[in-house]
Amino acid sequence: MADHARIDEVLLAEPRGFCAGVDRAIEIVERALRKFGAPIYVRHEIVHNTYVVNDLKAKGAVFIEDLAEVPPGATLVFSAHGVSQAVRREAAARGFSVFDATCPLVTKVHVEVAKLHKEGYEFIMIGHKGHPEVEGTMGQLEAGIHLVEDVEDVFRVRPAQEEKIAVVTQTTLSVDDAAHILAAVKQRFPKVREPKKQDICYATQNRQDAVKLLAPAVDVVIVVGSPTSSNSNRLQELAQRLGTPAYMVDKPEDLQPQWLEGRHRVGLTAGASAPDILVQQVIARLREFGALSLRSLPGVEETVHFPLPMGLGDKSMAALGGAA
């Protein structure tokens, strides 16, 4: 372990960890549990983080994928990733009491799709196949929305017409990857309509910008996040692309001593769905490995806050802390 004692410094990316949409989604479930009692059913993991999901399970949340698993009259929460129109219709038909924890930035994409669809547009969606956010956005329409995961996909798309094409993106993509694919979309469809403001969320952008500052300053980057978290995976990929070894940990025990051998400066960040308690636990483990000092890099201060849905935002309910 002698080499570990040579970790001179741990540099913390700013910002890192929870974003406003994740904060809001977790608070919706916690408030619903307090107001209505357990169980509260949640369609899909509320956010993609193992610690958060297990913590809410312990408090009485039941995570399901199929609405058939929800009993009549139950309270149901839609996850932060959003849902298709078919899921909304089924939930309404079954008479569930629904609270929608869809991130407002994802909802903005859904609203844009619905509006432009009425104007006759077809859509190119840049995103990852199978991701719940992509399924939710594509599920806003019966047809006319085409998923592309890379530049090659762009040239395989066969829309019914090419005069009215609009592009939307998954909110948690790599900013650089999305820009690369968007350039191909513009080449293929010169008249394509872009969003007024890019769909990639402010928190995803800020955390990626922070890694661009962090990675060149350290010998290794540790990303706190779960394997299912798109934005956490993008942070790891970005650090690697910048030439710095990078590893993702779902919990402090995942941190491997061999990753740190000969690495005197360790960079630490966390995906937007990873709670600060995990970051603190990883810092404690790095100290066990001999880390001597801790320093935060300068970064954007985030002040975004999203209101809670009607029925959960009563002032009489004490404000809840984080997801610990």
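Residues numbered from 1 in each chain as written. Predicted model: local features only at pLDDT ≥ 70, side-chain atom pairs only at ≥ 80, totals over all residues. Heavy atoms only, no water.

Asks: It is not clear to me how helix α10 (residues 276–288) should be interpreted in this structure. Could you clarify?
Replies: For an α-helix, the turn length of 3.6 residues means that residues three or four places apart are oriented alike. End to end, α10 covers 19 Å across 13 residues, agreeing with the expected 18 Å (1.5 Å per residue, within 8%). Every buried residue of α10 is listed here: L278, V279, V282, I283 and L286. Down the axis of α10, the sector holding all buried residues measures 145°, keeping them to one side. Those residues of α10 hidden inside the fold are in contact with β1 (9–12), α2 (50–59), β9 (220–224), β10 (246–249), β11 (265–270) and β12 (293–296). Looking one or two residues beyond α10, the residue adopting positive phi is G290, at roughly 105°. (Helix = DSSP H or I, 4+ residues; strand = E, 2+ residues; numbered from the N terminus. Expected span 1.5 Å × (residues − 1). Buried < 20%, exposed > 50% of the residue type's maximum accessible area, 1.4 Å probe, protein only. Arc of directions from axis to C-beta. Contact = heavy atoms within 4.5 Å.)

Asks: What is the right way to look at the packing of aromatic side chains in this model?
Replies: Here a ring pair, both rings aromatic, is described through the centre-centre distance and the interplanar angle of the planes. Counted according to the given criterion, the structure contains two aromatic pairs. Judged by centre distance (4.2 Å) and plane angle (5°), the rings of Y247 and W259 are stacked. With Y247 in strand β10 and W259 in the loop between β10 and β11, this pair connects stretches of sequence that are 12 residues apart. (Phe/Tyr/Trp six-rings, centres within 6.5 Å; stacked < 30°, edge-to-face > 60°.)

Asks: Just checking my understanding: could you explain the sheet that holds strand β8 (residues 165–169) for this structure?
Replies: Two modes of strand pairing occur in sheets, parallel and antiparallel, and in both the strands are linked by backbone hydrogen bonds. Strands sit in the order β7-β6-β8 across an open sheet of three strands; the sheet is parallel. On the outer flanks of this sheet lie β7 (145–148) and β8, each paired with one strand and no other. Between one strand axis and the next, the sheet turns by 25° as a mean value, whatever way the strands run. Here strand β6 (residues 122–126) runs beside β7; their pairing, made up of four bridges, is parallel. From the neighbouring strand, I124 faces β7, where its bridge partner is H146. Against the sheet, helix α7 (residues 175–188) contacts β6, β7 and β8, and its axis sits at roughly 150° relative to β6. (Pairing = 2+ DSSP bridges. Axes fitted to C-alpha atoms, helices over the stretch in contact; angles between N-to-C directions.)

Asks: Which parts of the structure should I look at to understand the sheet that holds β10?
Replies: On the basis of which strands lie adjacent, the open sheet formed by five strands has the order β10-β9-β11-β1-β12 and parallel pairing. With one partner strand each, in any of the chains shown, β10 and β12 form the two edges of the open sheet. Adjacent strand axes in the sheet meet at a mean angle of 25°, parallel and antiparallel pairs treated alike. In the sheet, β9 pairs with β11 via five bridges, with the strands oriented parallel. Of the residues in β11, the one forming a bridge with V221 is G267. Against the sheet, helix α8 (residues 202–214) touches β1, β9 and β11, its axis set at about 180° to β11. In the packing of α10 onto the sheet, the strands contacted are β1, β9, β10, β11 and β12, and the crossing angle to β11 comes to about 165°.

Asks: I tried to follow the nonpolar core on my own but got confused; where do I start?
Replies: As a rule of thumb, soluble globular proteins bury nonpolar side chains together. Core analysis: the biggest nonpolar cluster contains 32 residues, and V29, I46, V47 and V77 have the highest contact counts within it. Secondary-structure elements contributing two or more residues to this core are α1 (20–36), β2 (40–43), α2, β3 (61–64), α4 (104–118) and α8. Top element by residues in this core is α1. It accounts for eight residues. When residues no more than four places from it in sequence are discounted, the contact partners of V77 are I28, V29, I40, Y41, V42, R43, I46, F99 and A101. (Core = buried A, V, L, I, M, F, W, Y, C linked by side-chain atoms within 4.5 Å.)

Asks: Please explain the pairing of β2 as it appears in this structure.
Replies: Working note: regular strand, side chains alternate between the two faces of the sheet. Residues I40 and V42 line one face of β2 and the alternating positions Y41 and R43 line the opposite face, and both faces are buried. In terms of strand pairing, β2 meets β3 through four bridges, oriented parallel. Within the sheet, the bridge partner assigned to V42 lies in β3 and is F63. Note that the unit made of β2, α2 and β3 has a crossover that is right-handed. (Right-handed = clockwise from strand over helix to strand, strands pointing away.)

Asks: Just checking my understanding: could you explain the packing of α8 against helix α9 (residues 230–241) for this structure?
Replies: Axis angle and axis distance: for two packed helices, these are the angle between their axes and the distance between the axes, and together they describe the pair. Their axes nearest at 9 Å, the elements α8 and α9 cross at an angle of 25°. With respect to α9, the axis of α8 lies roughly parallel. Along this stretch, α8 crosses α9, giving a crossing that reads as right-handed. Across the interface between the two elements, T204, R207, Q208, V211 and K212 of α8 pack against N231, R234, L235, L238 and A239 of α9. Its residues assigned to classes, the contact of α8 with α9 shows four nonpolar, three polar and three charged. (Parallel < 35°, antiparallel > 145°, perpendicular 65-115°, else oblique. Left-handed = near helix turned anticlockwise from the far one by under 90°. Nonpolar A, V, L, I, M, F, W, Y, C, P; charged D, E, K, R; others polar.)

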